[in-house]
Amino acid sequence: MSIPANLKYTKDHEWVSLEGDIATVGITHFAQKELGDIVYVEVETLDQILEKDEVFGTVEAVKTVSDLFLPLSGEIIEFNEALESKPEIVNSDPYGQGWMIKIKISNSAEIDSLLSSESYKELIGA
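Just so you know, these numbers come straight off a predicted model, no measurement behind them.

### A short note on the overall build of the protein chain
Thinking step 1. A count of helices and strands for the protein chain gives four helices and nine strands.
Thinking step 2. Beginning at the N terminus, the succession of helices and strands in the protein chain can be written as β-β-β-α-β-β-β-β-β-α-α-β-α.
Thinking step 3. The globule rule puts the C-alpha radius of gyration for 126 residues at 14 Å, and the 13 Å found for the protein chain is close to it.
Thinking step 4. When its C-alpha atoms are laid out on the principal axes, the protein chain stretches across 35 × 35 × 20 Å.
Thinking step 5. Within the protein chain, the proportion of its 126 residues that are buried is 45%.

Here is the structure:
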């Protein structure tokens, strides 16, 4: 199972890529595998400022719907619009083209609460 070492992770199975004060967020390979075939990704919080751990959207798979939790406080500045017509990209490329949102981080101290790839591997027993 792929768990890139250059990313940060959450206990809610999301990954975070950091570039300055912009964070790109998606769900992990483990999460998409557990969900199954993803049929819809909904994010209605674009341009909103949310706190860490607030729900920013949902991902719908054939067998379930799951909330998406914001890993860092900030403003949601971009949604991956490719997911509107091709949500299955999350299954085929969760760490690349399957990214979900970009956040302008408002509290960089929260980054320390994210998991390293090693800690995430321990969490999922990989």
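### Some points on the environment of Leu-83
Thinking step 1. Assignment of secondary structure puts Leu-83 in helix α2 (residues 82-85).
Thinking step 2. The spacing of Leu-83 and Lys-102 is 19 residues in sequence and 14 Å in space, taken between C-alpha atoms.

### Focus on the sheet that holds strand β8 (residues 74-79)
Thinking step 1. Taken together, six strands build an open sheet; the order of strands is β1-β2-β3-β9-β8-β5 and the sheet is antiparallel. A single partner strand is all that each edge strand has here, and the edge strands are β1 (8-9) and β5 (49-50).
Thinking step 2. Here strand β3 (residues 22-27) runs beside strand β9 (residues 101-105); their pairing, made up of four bridges, is antiparallel. Across the sheet, the residue bridging to Thr-24 is Lys-102, located in β9.

### Comments concerning the nonpolar core
Thinking step 1. In terms of nonpolar packing, the biggest core is built from 27 residues, with Ile-27, Val-41, Phe-56, Met-100 and Ile-101 touching the most fellow members.
Thinking step 2. The set of elements that each furnish at least two residues to this core consists of β3, α1 (29-35), β4 (38-42), β6 (55-61), β8, α3 (89-92) and β9.
Thinking step 3. The contact partners of Ile-27, leaving out residues within four places of it in the chain, are His-13, Glu-14, Trp-15, Gln-32, Leu-35, Ile-38, Leu-68, Val-90, Pro-94 and Met-100.
Thinking step 4. Grouped together as the second largest cluster of nonpolar side chains are 10 residues, Trp-15, Phe-30, Trp-99 and Ile-124 included.

### Concerning the pairing of β8
Thinking step 1. Inspection of the sheet shows β5 paired to β8 by two bridges, in the antiparallel sense. Directly across from Leu-50, in β8, lies its bridge partner Gly-74.
Thinking step 2. Where β8 meets β9, five bridges bridge the pair, whose relative direction is antiparallel. In the strand pairing of β9, Ile-76 is matched with Ile-103.

Procedures and definitions
Residues numbered from 1 in each chain as written. Predicted model: local features only at pLDDT ≥ 70, side-chain atom pairs only at ≥ 80, totals over all residues. Heavy atoms only, no water. Helix = DSSP H or I, 4+ residues; strand = E, 2+ residues; numbered from the N terminus. Rg over C-alpha atoms; globule rule 2.2 N^0.38 Å. Buried < 20%, exposed > 50% of the residue type's maximum accessible area, 1.4 Å probe, protein only. Pairing = 2+ DSSP bridges. Core = buried A, V, L, I, M, F, W, Y, C linked by side-chain atoms within 4.5 Å. Contact = heavy atoms within 4.5 Å.

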